[in-house]
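Reading the structure
Below, each chain spelled out in residue letters.
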Amino acid sequence: MQRVLHFCMYLVAIIWGIPLIWAIYTAIRPADQATSLKTDFHFTLNNFIEAWQTAPFGQYYINTILIVCGILIVQLITMTLAAYAFARLRFIGGTIAFLIVLIQIMVPVETLIFPNYMILSQFSLVDTKIGIMLPYFASAFGIFLLRQAFKSIPYELEEAARIDGCNLFQILRHVYLPLAKPTYIAFGLVSVSTHWNDFLWPLIVTSSVENRPLTVGLSIFAKSSETGAQWAEVTAATLIVIFPLLLAFFIFQRQFVDSFLKSGIK
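Scope of this entry: the structure provided in the associated data block.

Criteria and cut-off values
Every chain's residues receive numbers from 1 upward, in the order its sequence appears when written. A pLDDT threshold of at least 70 governs which residues receive local features in this predicted model, and a stricter bar of 80 or more applies before side-chain atom pairs are shown or counted, although totals over entire chains, interfaces and linings include all residues. Heavy atoms throughout the structure, all of them, feed into the side-chain values; hydrogens and water do not. Two aromatic rings from Phe, Tyr or Trp, using only the six-membered ring of Trp, form a pair when their centres are within 6.5 Å; if the ring planes differ by under 30 degrees the pair is stacked, by over 60 it is edge-to-face, and anything between is tilted. Elements are defined by DSSP. Helices are runs of H or I of four residues or more, strands are runs of E of two residues or more, and each kind is numbered from the N terminus. Buried means the residue's accessible area, taken with a 1.4 Å probe over protein chains only, is under 20% of the maximum for its type, while exposed means over 50%, and partly exposed covers the values in between. Whether a charge sits over a ring depends on NZ of Lys or CZ of Arg being within 6 Å of the ring centre and within 35 degrees of the ring normal. Surface patches are drawn from residues lacking salt bridges whose relative accessible area is over 30%; two like charges belong together within 9 Å, two nonpolar side chains (Val, Leu, Ile, Met, Phe, Trp, Tyr) within 5 Å. Residue exposure ignores everything except the shown protein chains as possible cover, and the areas themselves are Shrake-Rupley values with a 1.4 Å probe. Here a salt bridge means any side-chain nitrogen of Lys or Arg lying within 4 Å of a carboxyl oxygen belonging to Asp or Glu. Axis lines are fitted through C-alpha atoms, for helices just across the contact stretch, and the angle between N-to-C directions can take any value from 0 to 180 degrees. Note on terminology: angles under 35 degrees are roughly parallel, angles over 145 are roughly antiparallel, angles of 65 to 115 are roughly perpendicular, and the others are oblique. Left-handed describes a crossing in which the near helix is turned anticlockwise from the far one by less than a right angle; the clockwise case is right-handed. Contacts are residue-level and defined by heavy atoms, with any inter-residue pair within 4.5 Å sufficient. Under the convention adopted here, Pro, Cys and the residues Ala, Val, Leu, Ile, Met, Phe, Trp and Tyr are nonpolar, Asp, Glu, Lys and Arg are charged, and Gly plus all remaining residues are polar. Residue count minus one, scaled by 1.5 Å, sets the expected span of a helix. The definition of a polar contact used here is a pair of N or O atoms within 3.5 Å, where within protein one atom must be able to donate a hydrogen and the other to accept one, and adjacent residues in sequence count solely through side-chain atom pairs.

What follows covers the packing of aromatic side chains. This structure, assessed with the given rule, holds 13 aromatic pairs. For the ring pair Tyr25 and Phe43, a centre distance of 6.3 Å and an interplane angle of 75 degrees mean the geometry is edge-to-face. In this pair, Tyr25 is assigned in helix α1 (residues 2-27) and Phe43 in the loop between α1 and α2 (46-54), connecting sequence segments 18 residues apart. Taking the centre distance of 6.4 Å and the plane angle of 25 degrees together, the rings of Trp52 and Phe57 count as stacked. For Phe57, a relative accessible area of 0% gives the class buried. Stacked on the ring of Phe98, the Lys or Arg Arg147 has its end atom at 4.0 Å from the ring centre.

Right, let's talk about a nonpolar patch on the surface for a bit. A grouping of Ile103, Ile105, Met106, Val107, Leu112, Phe141 and Phe144 is seen on the molecular surface, where their side chains present a nonpolar patch of about 610 Å² in accessible area. For the nonpolar patch, the elements supplying multiple residues, two or more each, are α4 (94-105) and α7 (140-151). On the secondary structure map, Met106 appears in the loop between α4 and α5 (113-122). The exposed category is assigned to Met106, whose relative accessible area is 65%.

In contact at an axis separation of 10 Å, α7 and helix α10 (residues 181-196) are set at 165 degrees when each is read in the N-to-C sense. If you check the angle between α7 and α10, you find them roughly antiparallel. Seen from above, α7 lies across α10 with right-handed handedness. Along its contact with α7, which presents Phe141, Gly142, Leu145, Leu146, Ala149 and Phe150, the element α10 presents Thr183, Tyr184, Phe187 and Val190. The residue inventory of the contact of α7 with α10, partitioned by class, reads eight nonpolar, two polar and no charged.

In this model helix α9 (residues 168-179) runs 16 Å from its N-terminal to its C-terminal C-alpha over twelve residues, within 8% of the 16 Å that 1.5 Å per residue would give. Turning to α9, the residues buried within the fold contact α3 (57-88), α7 and α8 (155-163). Measuring from the side-chain oxygen of the N-cap residue of α9 to the backbone nitrogen of Phe169 gives 3.2 Å; that N-cap residue is Asn167.

And the structure:
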């Protein structure tokens, strides 16, 4: 039985890896042989150079890093304060407020695109990095996840900290944050991968190179008349976009799995 399970695991891994292997194989072949099935060994890195020089991927990288990091930092602050309030404080309407937060998890992000865009237009935030980040500053999923982690922490630790003279922020810093570290890591992974790959909302909001993230830049690069038919360059550009996430996954694979398991995400 165990051998069958291992065989199935390896089979799924191979199936999952086929598109990535094919993309790498296509990207390092000469442009005129990108779609050829010949098993020759004429490899080149010119496709990566051409893709990088044709489109401003350097600017796209800066935009994406700023957007992803900005969203994550604000999310960690807002979800920490909200999760502590829902987990430890007792106030009128607290249960109803938490149910409203849970309902937001079931609302597809796409349904909020039009109202979000109208709000950004009123505040002149269209085609800005802050306009891309603003709808994601509060995460209902992160609040729920961290609330469950905070509720599992013994309240006696907080009482001991209060006896020692700690205020609220010191309690969060020295008691809750260290004990909920796996949850923070797991949420951080989800947030970074989600917003690194986000496409529809940035496509609608942005219209300039100074604010476009990598996903939108890749789409424009693939559809451009000069490179649209050059599949070798398109796949090379795709690998440029996904390279940081792939590298992080392969380097920190064990830490990724451990953080998800310890945070309760199955």
